[in-house]
Amino acid sequence: GQQVMQIPQYQHVQEGEDFTTYCNSSTTLSNIQWYKQRPGGHPVFLIQLVKSGEVKKQKRLTFQFGEAKKNSSLHITATQTTDVGTYFCAGVGGIQGAQKLVFGQGTRLTINP
Amino acid sequence: DAGVIQSPRHEVTEMGQEVTLRCKPISGHNSLFWYRQTMMRGLELLIYFNNNVPIDDSGMPEDRFSAKMPNASFSTLKIQPSEPRDSAVYFCASSFSNYGYTFGSGTRLTVV
């Protein structure tokens, strides 16, 4: 079945450093979504990418969708302590009418202030 | 909108007991999902409904797990009998046509 792999599993940075997490799918995706989960919280939707090669920005966050629609990345510029949490990518695949979101394992980001 | 509402927030039960988790999705959303989260296995999709109809329950671990969605505003996930390995955080999420899932705050289940 569809699998979504995410690396790295953990990342520790100094405040102000950049951070990147990568996501790869075993199958072509119709779209990819990114979520953030704060410690003790629930996943919160950040963004959806649909088009091949799409790039979207949200302030210091840059999201990319690969040309083949099988990989994606999230880059945070100049991290802040508020960025702490686990970032999940989630791919939508499957046949029309029975599509479901499959989550990667997540990248846990910790920051040294 | 109050978001996706789950109850209870915490549940501690003894092995062998029945557990029922409840979820109220966001009004107007046509899809509802039950996920389980553990450190070892991450976020696992258990089952999802589209327009109240179960579409894919391939993630339901065993016959001890069952889920229902009797109407558009309510769903339950039942575990009977519960076992210690069922201990996890169970999330309910809803969406409209697979765009941007909204998750509830989750139910932390501990089976002793």
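Higher on the page you've got the structure.
Residues numbered from 1 in each chain as written. Chains lettered and ligands numbered in written order. Predicted model: local features only at pLDDT ≥ 70, side-chain atom pairs only at ≥ 80, totals over all residues. Heavy atoms only, no water.

### Description of the overall build of chain A
Line of reasoning, step 1. Counting its regular elements, chain A contains zero helices and 11 strands.
Line of reasoning, step 2. Along chain A, from the amino end to the carboxyl end, the secondary structure elements read β-β-β-β-β-β-β-β-β-β-β.
Line of reasoning, step 3. Radius of gyration (C-alpha) of chain A: 14 Å, near the 13 Å computed for a compact globule of 113 residues.
Line of reasoning, step 4. Overall, the C-alpha framework of chain A stretches about 45 × 30 × 20 Å when taken along its three principal axes. (Helix = DSSP H or I, 4+ residues; strand = E, 2+ residues; numbered from the N terminus. Rg over C-alpha atoms; globule rule 2.2 N^0.38 Å.)

### A look at the overall build of chain B
Line of reasoning, step 1. If you tally the helices and strands in chain B, you get zero helices and 11 strands.
Line of reasoning, step 2. The N-to-C order of helical and strand elements in chain B reads β-β-β-β-β-β-β-β-β-β-β.
Line of reasoning, step 3. Expected size for 112 residues packed as a compact globule is a radius of gyration near 13 Å; at 13 Å, chain B falls within 12% of this value.
Line of reasoning, step 4. Along the three orthogonal principal directions, the C-alpha set of chain B runs to about 40 × 25 × 25 Å.
Line of reasoning, step 5. Counting every position in chain B, which comprises 112 residues, the buried fraction comes to 49%. (Buried < 20%, exposed > 50% of the residue type's maximum accessible area, 1.4 Å probe, protein only.)

### Some details on the pattern of salt bridges
Residues and elements named next belong to chain B.
Line of reasoning, step 1. Counting across every chain of the model gives 10 salt bridges over all chains.
Line of reasoning, step 2. Its salt-bridge partner being Glu 18, residue Lys 78 comes within 3.9 Å of it at the nearest N-O pair. Remark: Glu 18 occurs in the loop between strand S2 (10-13) and strand S3 (19-24) and Lys 78 occurs in strand S8 (residues 74-79); sequence separation between them is 60 residues.
Line of reasoning, step 3. Residue classification places Lys 78 among the partly exposed residues on the basis of a relative accessible area of 30%.
Line of reasoning, step 4. Residue Glu 44 is joined to Arg 41 by a salt bridge in which the shortest nitrogen-to-oxygen separation is 2.8 Å.
Line of reasoning, step 5. You can call Glu 44 buried: its relative accessible area is 16%.
Line of reasoning, step 6. When its relative accessible area of 53% is taken as the criterion, Arg 41 is described as exposed.
Line of reasoning, step 7. A single salt-bridge network, built from bridges that share partners, covers Glu 62, Arg 64, Glu 83, Arg 85 and Asp 86. (Salt bridge = Lys/Arg side-chain N within 4 Å of Asp/Glu carboxyl O.)

### Observations regarding the sheet that holds S8 of chain B
Residue and element names in this part refer to chain B.
Line of reasoning, step 1. Strand order in the open sheet formed by four strands is S1-S3-S8-S7, with antiparallel pairing between adjacent strands. This sheet does not close on itself; its edge strands, each paired only once, are strand S1 (5-7) and strand S7 (65-71). Between one strand and the next, the sheet's axes are offset by a mean angle of 15 degrees, whatever the strand orientation. (Pairing = 2+ DSSP bridges. Axes fitted to C-alpha atoms, helices over the stretch in contact; angles between N-to-C directions.)

### Some details on the sheet that holds strand S3 (residues 19-25) of chain A
Residues and elements named next belong to chain A.
Line of reasoning, step 1. Here five strands make up an open sheet; going across it, the order is S1-S3-S8-S7-S6 and the pairing antiparallel. The outermost strands of the open sheet, each flanked by one partner alone, are strand S1 (4-7) and strand S6 (55-58). Averaged over all pairs of adjacent strands, the angle between strand axes in this sheet comes to 15 degrees, irrespective of strand direction.
Line of reasoning, step 2. The pairing of strand S7 (residues 61-65) with strand S8 (residues 71-76) spans five bridges and is classified as antiparallel. Counterpart to Thr 62 in the pairing with S8 is His 75.

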